[in-house]
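Structural overview
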Amino acid sequence: MSKWKKITVALSIGVMMLTLAGCGGGAKQETSKPVDKKIILGFSQIGAESEWRTANTESIKASAKTAGIELKFSDAQQKQENQIKALRSFIQQKVDVIAFSPVVETGWDAVLQEAKDAKIPVILTDRSVKMSNGKADDYYVTFMGSDFVEEGRRAGKWLVDFMKKDKDPVNVVELQGTVGSAPAIDRKAGFEEILKQNTNYKIIKSQTGDFTRAKGKEVMESFLKSAKAEGQKIDVLYAHNDDMAIGAIQAIEEAGLKPGKDIIIVSIDGVKGAFEAMIAGKLNASIECSPLLGDQLMSAVKDLVAGKTIEKRIVTKESVFPADVAAKELPNRKY
Ligand code: GYE
């Protein structure tokens, strides 16, 4: 073989090998990444709407640093269109893995198809999605986060247990999370499941407070006003997160009532602000929902890039904190 022919043969073998390496489907194609190259993770965060969310962001940033993963972080300010833009830009930049916490459940069809076509694995953190074709499972490799229906059930069970009322009517007002978001839908469903078995409990008002303190306060003010005008007594507030409960506590105090006593309050997350409110006697219970997903996410990213198969669903382990354990627990809280 002539020298030139040898070079041509060598080159075409090289091209063939490269092509083969790039052809694998799903998670496997990532095995071609040289071990010494930094893994690039594109992460689209919902925003900074709550203490939970800021703790989640800190966890992800800190864990990426420790894991030596290059993190491209984008904050969507609670807007789906911003998340879609961020995901598209990650696809364009050909990041190794995309992770995101979807602000709402639906509306991801096009962009998740684009990620799939680009063979970039997608990890869902905290919240899940629904696809129009009903096959969401085909568009992400794993979903790590809490069981929100169970959190709603826990809130309901805690309430029924605490109130010890089998017959007397109990009027509940509900502050819902972001409209169309998985935690708002599921936390409502789980709570209602328990109330269905306790028919003296009635949700008399229910509205979104978008998971923020400001909205929680605003909506609670309007609940109090309209209940007064209608001659109804509010016995209980169920808030889909602690921040809305903390905002509502302010509204209740401004209306001359005692939160935690005149109105029993249960919310979800278990952030430090909730523990402080419980210690002050203004919040009665918080159902834990951990935002500390960073380490799990980084190890899943590493496993994926290494070509390992990962579990489709990773559920966060959580508990319930009634006010009487708050003082003892606060020093142990990490968020
Ligand atoms: O409960 C709330 C946050 O998706 C679990 O989003 C998360 C929720 C959390 O804004 O505080």
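Within any chain, residue numbers begin from 1 and follow the written order of that chain's sequence. With pLDDT at 70 or above as the cut-off, local features in this predicted model cover only qualifying residues; side-chain atom pairs require 80 or more to be listed or tallied, and sums for whole chains, interfaces and linings still use all residues. Working from all heavy atoms in the structure, the side-chain values ignore hydrogens and water.

**Some thoughts on the site of the ligand**
Here a residue is considered near a molecule or strand provided that any single heavy atom belonging to it is located within 4 Å of it. With respect to spatial proximity, 13 residues lie near the ligand, and among them E49, D126, R127, N241 and D269 are the closest. For the purposes of these results, a polar contact is taken to be a pair of N or O atoms within 3.5 Å, where, inside protein, one atom must be able to donate a hydrogen and its partner to accept one; residues adjacent in sequence count only when each atom of the pair is a side-chain atom. Between R127 and the ligand, the recorded distance is 2.7 Å, taken from a side-chain N or O atom to an oxygen atom. The contact in question runs from an oxygen atom of the ligand to an N or O atom on the side chain of N241, over 2.8 Å. Compared with its free state, where it exposes 300 Å², the ligand has 100% of that area covered by protein. Those elements that provide at least two residues to the shell around the ligand are helix 2 (51-67) and helix 6 (182-196). Asp, Glu, Lys and Arg are counted as charged, while Ala, Val, Leu, Ile, Met, Phe, Trp, Tyr, Cys and Pro are counted as nonpolar; the rest, among them Gly, fall into the polar class. Looking at the shell around the ligand residue by residue, the class counts come to 5 nonpolar, 2 polar and 6 charged. Taken domain by domain, the shell around the ligand gets at least three of its residues from each of domain 1 (40-145 + 292-317) and domain 2 (148-289). In these tables, accessible area is a Shrake-Rupley quantity obtained with a 1.4 Å probe, and a residue counts as shielded only by the protein chains included in the view. Helix and strand assignments come from DSSP, with helices taken as H or I runs of at least 4 residues and strands as E runs of at least 2, each series counted from the N terminus. Domain extents, as shown, originate in an automatic or database domain assignment.

**Description of the nonpolar core**
Residues enter a nonpolar core if they are buried and are Ala, Val, Leu, Ile, Met, Phe, Trp, Tyr or Cys, with the set joined through side-chain atoms within 4.5 Å. With a 1.4 Å probe rolled over the protein chains alone, any residue whose accessible area is under 20% of its type maximum counts as buried; one over 50% counts as exposed, and the rest are partly exposed. With 52 residues, the main nonpolar core has M220 and I234 as its most contacted residues. Two residues form a contact once any of their heavy atoms are found within 4.5 Å. Those residues within four positions of M220 in sequence are excluded, and the remaining contacts are V173, L175, I234, L237, A248, A251, I252 and I263.

**Side note on the environment of Q176**
Structurally, Q176 is set in strand 6 (residues 170-176). With a relative accessible area of 19%, Q176 lands in the buried category. Counting along the chain gives 35 residues from Q176 to F211, while the straight-line C-alpha distance between them is 7.4 Å. If sequence neighbours within four positions are ignored, Q176 has contacts with K188, S206, Q207, T208, G209, D210, F211, H240 and M244.

**A short note on the environment of T309**
Note that T309 resides in the loop between helix 10 (294-305) and strand 11 (313-315). T309 sits in the exposed class, given a relative accessible area of 77%. Between the C-alpha atoms of T309 and V141, which are 168 residues apart in sequence, the distance is 8.9 Å.

**Some thoughts on the confidence of the model for the chain**
Per-residue confidence from the predictor is reported as pLDDT, a score between 0 and 100. Looking at the chain, pLDDT values average 92 and 89% of them are 70 or higher. Considering each helix and strand of the chain separately, the mean pLDDT is smallest for helix 1 (residues 3-23), with a value of 44, and largest for strand 8 (residues 236-239), with 99. Within the model, the stretch residues 1-30 combines pLDDT values under 50 with 18 contacts to residues more than four positions away or in other chains.

**Some remarks on the pattern of salt bridges**
Salt bridge, as used here, is a side-chain nitrogen of Lys or Arg placed within 4 Å of a carboxyl oxygen of Asp or Glu. Taken as a whole and judged by the stated rule, the model has 23 salt bridges. The shortest N-O distance in the salt bridge between E105 and K130 comes to 3.1 Å. Within this pair, whereas E105 is found in the loop between strand 3 (97-100) and helix 4 (109-117), its partner K130 is found in the loop between strand 4 (122-125) and strand 5 (142-145), the two being separated by 25 residues in sequence. We classify E105 as buried; its relative accessible area is 9%. Using a relative accessible area of 45% as the deciding quantity, one classes K130 as partly exposed. Across the salt bridge formed by K188 and E192, the nearest N and O atoms sit 2.9 Å from each other. Remark: E192 and K188 occur in helix 6; sequence separation between them is 4 residues, near one turn of the helix.

**Remarks on the sheet that holds strand 2 (residues 70-75)**
With parallel pairing, the 6 strands of this open sheet are ordered in space as 2-1-3-4-5-11. With partners counted over all chains shown, the strands left at the sheet margins are strand 2 and strand 11, one partner each. Strand-to-strand twist across the sheet, computed as the mean angle between neighbouring axes with direction ignored, equals 15°. Lines are fitted to the C-alpha atoms to define the axes, a helix being fitted only along its stretch in contact, and any angle between axes, read from their N-to-C directions, falls within 0 to 180 degrees. On top of the sheet, helix 3 (residues 80-92) reaches strand 1 (40-45), strand 2 and strand 3; it is set at about 170° to strand 1, its chief contact. Only strands that DSSP links by at least two bridges are regarded as paired with each other.

**Let's talk about the side chain of S101**
By the element assignment, S101 lies in the loop between strand 3 and helix 4. Here T125 takes part through its backbone oxygen, which lies 3.2 Å from a polar atom of the side chain of S101. Apart from residues lying up to four places away in sequence, S101 is in contact with S44, Q45, I46, R53, Q83, T125, D126 and R127.

**A look at the packing of aromatic side chains**
Two aromatic rings are characterised by how far apart their centres lie and by the angle between their planes. Ring geometry is summarised as follows: Phe, Tyr and Trp rings, the Trp one being its six-membered ring, pair when their centres sit within 6.5 Å, and such pairs are stacked at plane angles under 30 degrees, edge-to-face over 60 and tilted between the two. In total, this model carries 5 aromatic pairs according to the counting rule given. With centroids separated by 5.9 Å and ring planes inclined at 20°, the aromatic side chains of F43 and F73 adopt a geometry described as stacked. Of this pair, F43 sits in strand 1 while F73 sits in strand 2, placing them 30 residues apart in sequence. Of the residues examined, F43 reaches a relative accessible area of 0% and is grouped as buried. Arranged with centres 3.8 Å apart and planes meeting at 15°, the rings of F191 and Y238 form a pair that is stacked. With F191 in helix 6 and Y238 in strand 8, the pair connects residues that are 47 residues apart, well separated along the chain. There is no split in this pair, since F191 and Y238 are both buried. Taking the ring centre of F73 as reference, the NZ or CZ of K61 above it sits at 4.4 Å. In this analysis the charged atom, NZ for Lys or CZ for Arg, is taken to sit over a ring once it is within 6 Å of the ring centre and within 35 degrees of the ring normal.

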